[in-house]
Amino acid sequence: MTLPVACEEISTRFRACVDRENLWGRILGRCDVLKEELEKCMRKEYIGRKRRSVKQSKEVRAKWEEANADIGMETPKK
């Protein structure tokens with residue numbers, strides 16, 4: 001998985017915390033705040049990509065339907 005550019009700084013801080021705290025620090029939750037920040041950032045980026053993808057799909061579908069209408073073909077029902 002590729003890390004979004006917007007989340008790189010948070011990821012760097014989280015990795016540094018994990019490296020610094022080792023196993024016991026992770027078990028005791030010393031990096032949990034950074035982990036939550038990273039998860040929020042990743043979720044925000046995922047939702048943005050998903051919205052752009054849906055918008056693009058709708059545009060492609062509209063062009064396809066228009067092209068079919070121009071040649072007299074029926075479009076399938078949604």
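Per chain, the residues get numbers from 1 upward, laid out in the order the sequence is written. Restriction of local features to residues with pLDDT of at least 70 applies here, the model being predicted, together with a cutoff of 80 or more for giving and counting side-chain atom pairs; totals for whole chains, interfaces and linings are based on all residues. Side-chain metrics in this entry use all non-hydrogen atoms of the structure; hydrogen atoms and water are not considered.

(A) Up close: unusual backbone geometry. Even without being glycine, N22 reaches a positive phi, approximately 55 degrees. Helical segments are the DSSP runs of H or I of at least four residues, strand segments are the runs of E of at least two, and each set is numbered from the N terminus. Structurally, N22 is set in helix 1 (residues 8-27).

(B) Expanded view of the nonpolar core. Put simply, a nonpolar core is a bunch of buried Ala, Val, Leu, Ile, Met, Phe, Trp, Tyr and Cys residues held in one set by side-chain atoms that sit within 4.5 Å of each other. Residue exposure (1.4 Å probe, protein chains only): buried if accessible area is under 20% of the type maximum, exposed if over 50%, otherwise partly exposed. Core analysis: the biggest nonpolar cluster contains 10 residues, these being C7, I10, F14, C17, V18, C31, L34, L38, C41 and M42. Counting only elements with at least two residues in this core, the list comes to helix 1 and helix 2 (32-70). Ignoring anything within four residues of it in the chain, the contact list for L34 reads I10, R13, F14 and C17. Any two residues whose heavy atoms approach within 4.5 Å are treated as being in contact.

(C) Looking closely at helix 2. Each residue after the first adds 1.5 Å to the expected span of a helix. Between the first and last C-alpha of helix 2 there are 57 Å, a value that for 39 residues agrees with the 57 Å anticipated at 1.5 Å per step. Regarding helix 2, the residues found buried are L34, L38, C41, M42, G48 and N68. Downstream of helix 2 by one or two residues, G72 has phi in the positive range, about 85 degrees.

Nothing here speaks to function; it is geometry throughout.
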